[in-house]
Amino acid sequence: MNAWLGRNASPIAIVLLASAVVIGAWEVLDAFATSEPLGTPEGDAPLNPGGLIKVTLFLLVPSLITLAIRRRQRSH
Amino acid sequence: MTTAAPALRPRPKKASIRTRVWLDIALFVGYVLLSAPQSTGIAFHEYFTVVFIPIFISHIVLDWAWVKRVFRKSDNKRSGEVRFNRAFDIVLFVGMVVVIYSGFLVSESILPDFGIDPGATTFWSNVHDASGNLLILLVGIHIAMHMPWIKRNLGRIRPNRSAI
Ligand code: HEM
């Protein structure tokens, strides 16, 4: 594990640095956005397993559209 | 018995395809779970992100050869597909960073458990919801764009097929 981290130190550092840049940019946006405190959270609504199906469908539909477009391009 | 092949081409110090396939499966399952807090509950949603972050970083780091190849400046004559993936994967990366960061800033469970009030605002809540939902579409496209790799390598999760 440590050896792995050592070997990959520079890619990891670059990924973290890139993340910091992204976060910095969004903090700038936040400074200009109008925003209000959110108030107390409502907590969990009753758990609804259907959410997992929703996510899977939302993944599947764009995937299938992309695959269809790729296939058409290939056959040209 | 298979003999000399590995000696002819010394293996680069690179994660095996098998490791990467397993990691990608974990990433996918983890991502689906994370994208449905209404099914898992907010506490799981927040704590599981801590497991997800190293998996996500490894997903990029273990394919660093791709990153280096594709971002090499001198070589700009890339196929349309590679250029699309390059731009798209940057957007995906930004989206992931934003959803994770904004998630912490609207934390209802993990930060309060540690006595930290993130001071959630409507801005970060909107950002978290929008990026979380948009990412589902982006991840779907990302997976489809890499379907040839997935098809080629999915069989390698079994140990005796790991060679390459
Ligand atoms: C890869 C990481 C993450 C993904 C993909 C993700 C995705 C999502 C999605 C899709 C929702 C539902 C949005 C909606 O209701 O329309 C959500 C809600 C929520 N997430 Fe995350 N999230 C991530 C990380 C985090 C983290 C790290 C935290 C906090 C530590 C967090 C806290 C919350 C909270 C409190 C909600 C419900 C309140 C709200 O909708 O603003 N999330 N997330």
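Predicted model only: the values in this text are computed from it and were never measured. (Residues numbered from 1 in each chain as written. Chains lettered and ligands numbered in written order. Predicted model: local features only at pLDDT ≥ 70, side-chain atom pairs only at ≥ 80, totals over all residues. Heavy atoms only, no water.)

(A) The arrangement of the interface of chain A and chain B in detail. Contact residues are listed per partner, giving 42 residues for chain A and 44 residues for chain B. Contact between chain A and chain B buries roughly 3,600 Å² in total, counting both sides, with carbon and sulfur atoms accounting for 73%. The largest contributions to the chain A side of the interface with chain B come from W26(A), L38(A) and L59(A), which together make up 16% of the buried area. Along the contact surface separating chain A from chain B lie one salt bridge. (Contact = heavy atoms within 4.5 Å. Buried area = accessible area lost by both parts, 1.4 Å probe. Salt bridge = Lys/Arg side-chain N within 4 Å of Asp/Glu carboxyl O.)

(B) Looking closely at the packing of helix α6 (residues 80–105) of chain B against helix α8 (residues 122–145) of chain B. All names here are of chain B. Axis separation between α6 and α8 bottoms out at 8 Å; the angle between their running directions is 150°. Between α6 and α8, the angle falls in the class roughly antiparallel. Handedness of the crossing formed by α6 with α8: left-handed. Along the lines of polarity and charge, the residues of the contact of α6 with α8 split into 16 nonpolar, eight polar and two charged. (Axes fitted to C-alpha atoms, helices over the stretch in contact; angles between N-to-C directions. Helix = DSSP H or I, 4+ residues; strand = E, 2+ residues; numbered from the N terminus. Parallel < 35°, antiparallel > 145°, perpendicular 65-115°, else oblique. Left-handed = near helix turned anticlockwise from the far one by under 90°. Nonpolar A, V, L, I, M, F, W, Y, C, P; charged D, E, K, R; others polar.)

(C) The arrangement of the site of the ligand in detail. Residues and elements named next belong to chain B. Around the ligand there are 22 residues in total, and H45, G103, H128, D129 and N133 lie nearest to it. Interatomic distance of 2.7 Å between a side-chain N/O atom of H45 and a nitrogen atom of the ligand. Within the side chain of N133, one N or O atom sits 2.8 Å away from an oxygen atom of the ligand. Tallied by class, the residues present in the shell around the ligand amount to ten nonpolar, nine polar and three charged. (Near = heavy atom within 4 Å. Polar contact = N/O pair within 3.5 Å; in protein donor to acceptor, adjacent residues only side chain to side chain.)

(D) Representation of the packing of aromatic side chains. Residue and element names in this part refer to chain B. All chains considered together, the criterion is met by six aromatic pairs over all chains. Look at F84 and F88: their rings are 5.4 Å apart centre to centre, the planes differ by 20°, and that puts the pair in the stacked class. Taken together, the residues span about one helical turn, with F84 and F88 both in helix α6 at a distance of four residues. When its relative accessible area of 38% is taken as the criterion, F84 is described as partly exposed. For the pair Y101 and W124, a centre-to-centre distance of 5.5 Å together with 85° between the ring planes defines the contact as edge-to-face. With Y101 in helix α6 and W124 in helix α8, this pair connects stretches of sequence that are 23 residues apart. Taken together, the ring pairs connect F52, F56 and F93 into an aromatic cluster. (Phe/Tyr/Trp six-rings, centres within 6.5 Å; stacked < 30°, edge-to-face > 60°. Buried < 20%, exposed > 50% of the residue type's maximum accessible area, 1.4 Å probe, protein only.)

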